[in-house]
Amino acid sequence: MSEQTPIPRILVTGAAGQVGAELVRRADGRAVIGLERRALDIGDTDAVAHALAEHRPRVVINAAAYTAVDKAETEAEAAFAINRDGPAHLAAACAQAGIPLLHLSTDYVFDGSKAGPYTEADPVAPLGVYGASKEAGETAIRERLREHLILRVSWVFGARGHNFVRTMLHLGAEREELRVVADQHGCPTHAGAIADSLLRLTDRVLVGAALPWGTYHYTGTPATTWHGFAEAIFAEAVELGLLVRAPKVLPIETKDYPTPARRPANSVLALERLAALGLAPRPWRDGLREVLSEWADERLS
């Protein structure tokens, strides 16, 4: 590549989060610039404009988000600043620079009342502040930027950051019995699988291939419950030597475990539209084993 030819760049916001960290880690020779919140607060419109002018990316992936679902109920201003205003600033700056934006959203934009999987065309009806702020972020992007791709994901877990897998391992090491909600249905999704998929999509953008812009769903398969997910975590953890024994996991109902924010009883997302992107869902158990194997290796070393 000549000195006059600009190096293809991918700017990743929220690089310290679960998906953001995986995007940087899995870059594999791509020119990825990962910015943590201390380096780029997407809620600051001037900071966003400065970052795009400084780094001159050809694609932006927004992995920054306020994800504390329960805290959002009392920190609505902070949640909307990151989840609505941040995407709005990014979309406006990307529109001015003529570059695409790939953005992560959530299953929590739905209320969970539907009997089957939610399609991208189903009406949104978030139950709490977190879901409402993410839905507002989606709308802000659609209003400002044509070349956008919104990827709704669910029940994200990975080797970094706070997530359900890490919490279960911690509790499983301390207790002989756990009570876990069994009437909320959804799809665990490996952060690494999300990152790999986003990088594949950016590769297409960087070589000038057309993408069908819009909103898509991407999750692991198959659907399960938090109780089923917990049992799988403990079974894998015992096999890999992370736990000596699996605690007994008792199924309970949502009403038995009240939280500040309401959760959708059904947040299973339909995945048929993924084919338009050339992507396919991956079994979440494969991702779970990858995460736990990494932790087991770290413990041995």
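What you are looking at is a predicted structure, and each value in this text was computed from that prediction instead of being measured.

Engineer: I'd like to hear about the sheet that holds strand β2 (residues 32-35), residue by residue, with values.
Structural biologist: What the 6 strands build is an open sheet, ordered β2-β1-β3-β4-β5-β10; its pairing is parallel. Every interior strand has two partners, whereas the edge strands, β2 and β10 (214-217), have only one. Taken over all neighbouring pairs, the strand axes of this sheet differ in orientation by 20 degrees on average, direction set aside. Lying over the sheet, helix α2 (residues 45-55) contacts β1 (10-13), β2 and β3 (59-62), oriented at roughly 155 degrees with respect to β2.

Engineer: Go over the side chain of Thr 219, please, and point to the residues and values.
Structural biologist: Tracing the sequence through the fold places Thr 219 in the loop between β10 and β11 (224-225). Residue classification places Thr 219 among the buried positions, given a relative accessible area of 0%. Setting aside anything within four residues of it in sequence, one finds Thr 219 in contact with Ser 154, Cys 187, Thr 189, Leu 269, Leu 271, Pro 281 and Arg 282.

Engineer: Please set out helix α6 (residues 191-206) residue by residue, giving values where relevant.
Structural biologist: Here α6 contains 16 residues, and its C-alpha end-to-end distance of 22 Å stays within 8% of the 22 Å for a straight helix at 1.5 Å per residue. The element α6 is extensively covered by neighbouring structure, given that 12 of its 16 residues are classed as buried. A positive backbone phi angle near 85 degrees is found at Gly 208, which sits one or two residues after α6.

Engineer: Lay out the nonpolar core in plain terms, naming residues and giving numbers.
Structural biologist: Judged by nonpolar contacts, the single largest core of 30 residues is most densely connected at Leu 23, Leu 104, Leu 149, Leu 151, Leu 198 and Leu 277. Mapped onto this core, the elements with two or more residues apiece are β1, α1 (18-25), β3, β4 (101-106), β5 (148-153) and α6. Among the elements that make up this core, the one with the highest residue count is α6 (9 residues). Not counting residues up to four positions away in its chain, the partners in contact with Leu 277 are Leu 149, Leu 151, Leu 201, Arg 204, Leu 211, Pro 212 and Tyr 216.

Rules behind the numbers
- Residues numbered from 1 in each chain as written.
- Predicted model: local features only at pLDDT ≥ 70, side-chain atom pairs only at ≥ 80, totals over all residues.
- Heavy atoms only, no water.
- Pairing = 2+ DSSP bridges.
- Helix = DSSP H or I, 4+ residues; strand = E, 2+ residues; numbered from the N terminus.
- Axes fitted to C-alpha atoms, helices over the stretch in contact; angles between N-to-C directions.
- Contact = heavy atoms within 4.5 Å.
- Buried < 20%, exposed > 50% of the residue type's maximum accessible area, 1.4 Å probe, protein only.
- Expected span 1.5 Å × (residues − 1).
- Core = buried A, V, L, I, M, F, W, Y, C linked by side-chain atoms within 4.5 Å.

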